[in-house]
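For reference, the chains in residue letters:
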Amino acid sequence: MVPFVTAGAGFLLAVLWFDLMFDVQTLRHDGALLPEDVLASIARYYRRVTTDARPMNRVVAAVMLATLAAIVAEIARGEQRAWVGWASLALALGAIVLAGAHTVPGAVRLGSRKDTPERQSALARAVLRDHLCCAAAIVALLVAQLAWG
């Protein structure tokens, strides 16, 4: 199951990489309010990938579920050291729950541009923080699977 787990995690890391290419624009600005061109760039991206891309945006959710299923199968079959499987499950589940409960709703809202510039700036920064946490979890999962699996 390691190839399936690592393929799913690799795909999710690639998606995070693309998201982070837009998110990092927030790092160049210290104030509470991001410049309009930065907000517009990030919001356009999130509108495209969360709302306008339907039904293709469902592929990411499907890969998340498939990756979790592969990890559970790996644990059930005893294919890995127990701690690798359970750590992988915790890391994947943590990232996926964060994305589903907080990151995606924030990105959809940011993509709608219906909030004040202050709120959009806060959303953009929150999405960046979430994506950094998710990326760290997925990288840790990959290290565990590939180094100790």
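Per chain, residues are indexed from 1 in the order of the written sequence. pLDDT decides what is reported in this predicted model: residues at 70 or higher carry local features, side-chain atom pairs at 80 or more are listed and counted, and totals for whole chains, interfaces and linings draw on all residues regardless. Side-chain numbers come from the whole structure's heavy atoms, not from hydrogens or water.

Student: Tell me about the overall build of the chain, residues and numbers included.
Tutor: Working definition: helices are DSSP H or I runs of at least four residues, strands are E runs of at least two. Numbering for both runs from the N terminus. When helices and strands are tallied, the chain shows five helices and zero strands. Starting at the N terminus and ending at the C terminus, the chain contains elements arranged as α-α-α-α-α. Taken over the C-alpha atoms alone, the chain extends approximately 50 × 30 × 20 Å along its principal axes. Under the scheme applied here, a residue whose accessible area is under 20% of the maximum for its type counts as buried, over 50% as exposed, and between as partly exposed, the area being computed with a 1.4 Å probe on protein chains only. Burial analysis of the chain (149 residues in total) assigns 42% to the buried set. In this description, contact between two residues means that some pair of their heavy atoms is separated by no more than 4.5 Å. For the chain, contacts bridging at least 24 residues in sequence account for 78% of all contacts bridging at least 6. Exposure was quantified through the Shrake-Rupley algorithm and a 1.4 Å probe, taking into account, for residues, occlusion by the shown protein chains and nothing else. Entry remark: accessible area of the chain is about 7900 Å², with carbon and sulfur atoms responsible for 69%. Here the chain contributes 14 positively and 11 negatively charged side chains, and the mean placements of these two sets differ by 4 Å. Charge assignment in this entry is limited to Lys and Arg as positive and Asp and Glu as negative, and neither His nor the chain termini are counted. The atom standing in for a charge is NZ when the residue is Lys, CZ when it is Arg, CG when it is Asp and CD when it is Glu.

Student: Explain the side chain of Asp-115 residue by residue, including any values.
Tutor: With respect to the secondary-structure elements, Asp-115 resides in the loop between α4 (82–112) and α5 (117–148). A 3.5 Å cut-off defines polar contacts: any pair of N or O atoms within that distance qualifies, except that in protein one atom must be a possible hydrogen donor and the other a possible acceptor, and neighbouring residues in sequence count only when both atoms are side-chain atoms. For Asp-115, the side chain forms a polar contact with the side chain of Arg-109, separated by 2.7 Å.

Student: Before we move on, can you summarise the packing of aromatic side chains with the specific residues and values?
Tutor: Here a Phe, Tyr or Trp ring, Trp counted by its six-membered ring, pairs with any other such ring whose centre lies within 6.5 Å, and the pair is stacked when the planes are under 30 degrees apart, edge-to-face when over 60, and tilted otherwise. Tallying each qualifying case throughout the model produces three aromatic pairs. Arranged with centres 4.1 Å apart and planes meeting at 10°, the rings of Phe-22 and Tyr-45 form a pair that is stacked. Separated by 23 residues along the polypeptide, Phe-22 in helix α1 (residues 2–23) and Tyr-45 in helix α2 (residues 36–52) bring together distant segments of the chain. Here the aromatic residues Phe-22, Tyr-45 and Tyr-46 are joined through ring pairs into a cluster of three or more.

Student: Can you tell me about the pattern of salt bridges, naming the residues and giving the values?
Tutor: One speaks of a salt bridge when a side-chain nitrogen belonging to Lys or Arg is within 4 Å of a carboxyl oxygen belonging to Asp or Glu. Per the counting criterion, the structure on display carries four salt bridges. Residue Glu-79 is joined to Arg-77 by a salt bridge in which the shortest nitrogen-to-oxygen separation is 3.2 Å. Residue classification places Glu-79 among the partly exposed residues on the basis of a relative accessible area of 34%.

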